[in-house]
Amino acid sequence: MLKVDELSFGYEQEPVLIDLSFEVGRGEFLAVMGESGCGKSTLLKLIYGTLPFDKGSIQWKDRSIKGPAYQLVAGGSFVKYLAQDFDLMPYTSVSENVSKFLSAADPEGLASRTEELLQVMELESCRDKKVQFLSGGQQQRVALARVLALQPELLLLDEPFSHIDHFRRNQLRRNLFGYLKRVEKPRNLYTASLLGEANLVPIEVLKSYASTTRRIIVYSHELKVSHKSGMQVTVKICYYLGSHYRIFGVMDSGKGVVFDSEQPFETGKKVYLNVSLDTINKRLPI
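I will try to describe carefully the structure that is included in this document.

So, how was this worked out
Residues numbered from 1 in each chain as written. Predicted model: local features only at pLDDT ≥ 70, side-chain atom pairs only at ≥ 80, totals over all residues. Heavy atoms only, no water. Core = buried A, V, L, I, M, F, W, Y, C linked by side-chain atoms within 4.5 Å. Buried < 20%, exposed > 50% of the residue type's maximum accessible area, 1.4 Å probe, protein only. Contact = heavy atoms within 4.5 Å. Pairing = 2+ DSSP bridges. Helix = DSSP H or I, 4+ residues; strand = E, 2+ residues; numbered from the N terminus. Salt bridge = Lys/Arg side-chain N within 4 Å of Asp/Glu carboxyl O. 1 Å grid on protein atoms, 1.4 Å probe; cavity = no way out; pocket = protein on both sides within 12 Å on 5 of 7 lines; lining within 4 Å. Points joined across faces, edges and corners; volume = space filled by probe spheres on them. Nonpolar A, V, L, I, M, F, W, Y, C, P; charged D, E, K, R; others polar. Expected span 1.5 Å × (residues − 1). Arc of directions from axis to C-beta.

### What to know about the nonpolar core
Alright, step 1. Among the nonpolar cores identified, the biggest contains 23 residues, and L2, L46, I47, I58, L154 and L156 are the most heavily contacted of them.
Alright, step 2. Those residues within four positions of L46 in sequence are excluded, and the remaining contacts are L7, F9, L17, L51, P52, F53, I58 and I65.
Alright, step 3. One finds L82, L123, V147 and A149 within the second-largest nonpolar core, a separate group that totals 20 residues.

The following block contains the structure:
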């Protein structure tokens, strides 16, 4: 339904996106991940139609999105865009913000839909509060509810959970866990590092009997501590993360490695790390 073909864009001769192509079908979710400044927000603005692009095309069904030079108002009834600045009405209530785009011609439907969205975003307790008195996380939830109000066919969300508190963010992560499970075979270490702490480790170091020199990507939580055998690592730094410890060490080769542990280790301590055969087989190329 959404097709981006060889899209290129730059700011003042500085290229940001170069020959980007992808498609998103009906009912599909696409996550765009990358470093700050790599062009994530720019891409969403291009798809929404607020920026002109230098090369390529953006197609929604049978409609071409060409940018501000071709349409006075960006977007359309089929798409909603949540920017990082939220764009809320600060001097009106939460419920008024959520119902902003709903039709007043159907008062019962408007009230029902507004109530539904307040419940989904856990905003019932502050329905009558003015937005200017809400926390950043609460405002972000109001903004999310508002863009969902009209059930757009295409939803563009720019870091939609960045201001939400840790507890609620974890709830959302649990809801999305099924989707994240599909990311079990990252193409390279850079892609893997966007999802968590990752290492590129030779298989023969993990399993001494292995007859291959291939290296695989292993996340920090997939490395299990052993006191007898495995990949020997010398502990350098240990951080407490609340539920576990994140430990940075070095292998005998001098290469760094990151792993998680339920217990802390002193600097200089030598430990052994192992990875399950299931993880190794999952990461080996077919």
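### What to know about the sheet that holds strand β1 (residues 2-11)
Alright, step 1. Read across the sheet, four strands follow the order β2-β1-β3-β4 without closing on themselves; strand pairing throughout is antiparallel. Each of the sheet's edge strands pairs with one partner strand only, and the pair in question is β2 (14-24) and β4 (63-64).
Alright, step 2. Sheet analysis places β1 next to β2, joined by seven bridges and oriented antiparallel. Bridging from a neighbouring strand, F9 pairs with L17 of β2.

### Points about the pattern of salt bridges
Alright, step 1. Overall, the coordinates contain six salt bridges when judged by the stated rule.
Alright, step 2. Linking D19 and K55 is a salt bridge whose minimum nitrogen-to-oxygen distance equals 2.8 Å. Within this pair, whereas D19 is found in strand β2, its partner K55 is found in strand β3 (residues 55-60), the two being separated by 36 residues in sequence.
Alright, step 3. When the shortest N-O distance is used, the salt bridge between E116 and R113 registers 2.7 Å. Here the residue E116 and the residue R113 both occupy positions in helix α3 (residues 107-120), the gap between them amounting to three residues, near one helical turn.

### Re empty space enclosed by the protein
Alright, step 1. Evaluation of the coordinates by the stated rule reveals one cavity of 30 Å³ or more.
Alright, step 2. The volume enclosed by the largest cavity comes to roughly 40 Å³.
Alright, step 3. Looking at the largest cavity, the residues that line it are I47, Y48, R63, I65, Q71, G75, F78, V79 and L154.
Alright, step 4. Residues of the lining of the largest cavity, tallied by class, amount to six nonpolar, two polar and one charged.

### Examining α3
Alright, step 1. In this model, α3 (14 residues) spans 20 Å end to end at C-alpha, consistent with the 20 Å of a helix rising 1.5 Å per residue.
Alright, step 2. Among all positions of α3, only R113, T114, L117 and L118 are buried. Here the buried residues of α3 occupy an arc of 135 degrees about the axis, which is enough to place them on one side. Exposed side chains of α3 directed beyond 90 degrees from the buried face belong to E108 and V120.
Alright, step 3. Tucked into the core, α3 has its buried residues touching α2 (94-98) and α4 (136-148).
Alright, step 4. E122 sits one or two residues past α3 and shows a positive phi near 55 degrees.

### Examining the environment of E159
Alright, step 1. Within the secondary structure layout, E159 lies in the loop between β6 (154-157) and α5 (166-180).
Alright, step 2. Residue class for E159 comes out partly exposed when judged on its relative accessible area of 38%.
Alright, step 3. Each C-alpha atom, one on E159 and one on S41, is 8.8 Å from the other, the two residues being 118 residues apart in sequence.
Alright, step 4. If near-sequence neighbours (up to four positions away) are discounted, E159 is found in contact with K40, Q84 and Q140.

### What about unusual backbone geometry?
Alright, step 1. Despite not being glycine, E6 shows a phi value in the positive range, around 50 degrees.
Alright, step 2. Following the sequence through the fold, E6 ends up in strand β1.
Alright, step 3. Using a relative accessible area of 42% as the deciding quantity, one classes E6 as partly exposed.
Alright, step 4. With a phi close to 50 degrees, D19 is a non-glycine residue in the positive phi region.

### A word on the environment of V233
Alright, step 1. Of note, V233 is situated in strand β10 (residues 231-240).
Alright, step 2. Residue classification places V233 among the buried positions, given a relative accessible area of 0%.
Alright, step 3. When the C-alpha atoms of V233 and G254 are compared, they prove to be 9.3 Å apart, with 21 residues separating the residues in sequence.
Alright, step 4. Ignoring sequence-local partners within four residues, the contact set of V233 consists of G249, V250, M251, V257, F259, K269, K270, V271 and L273.

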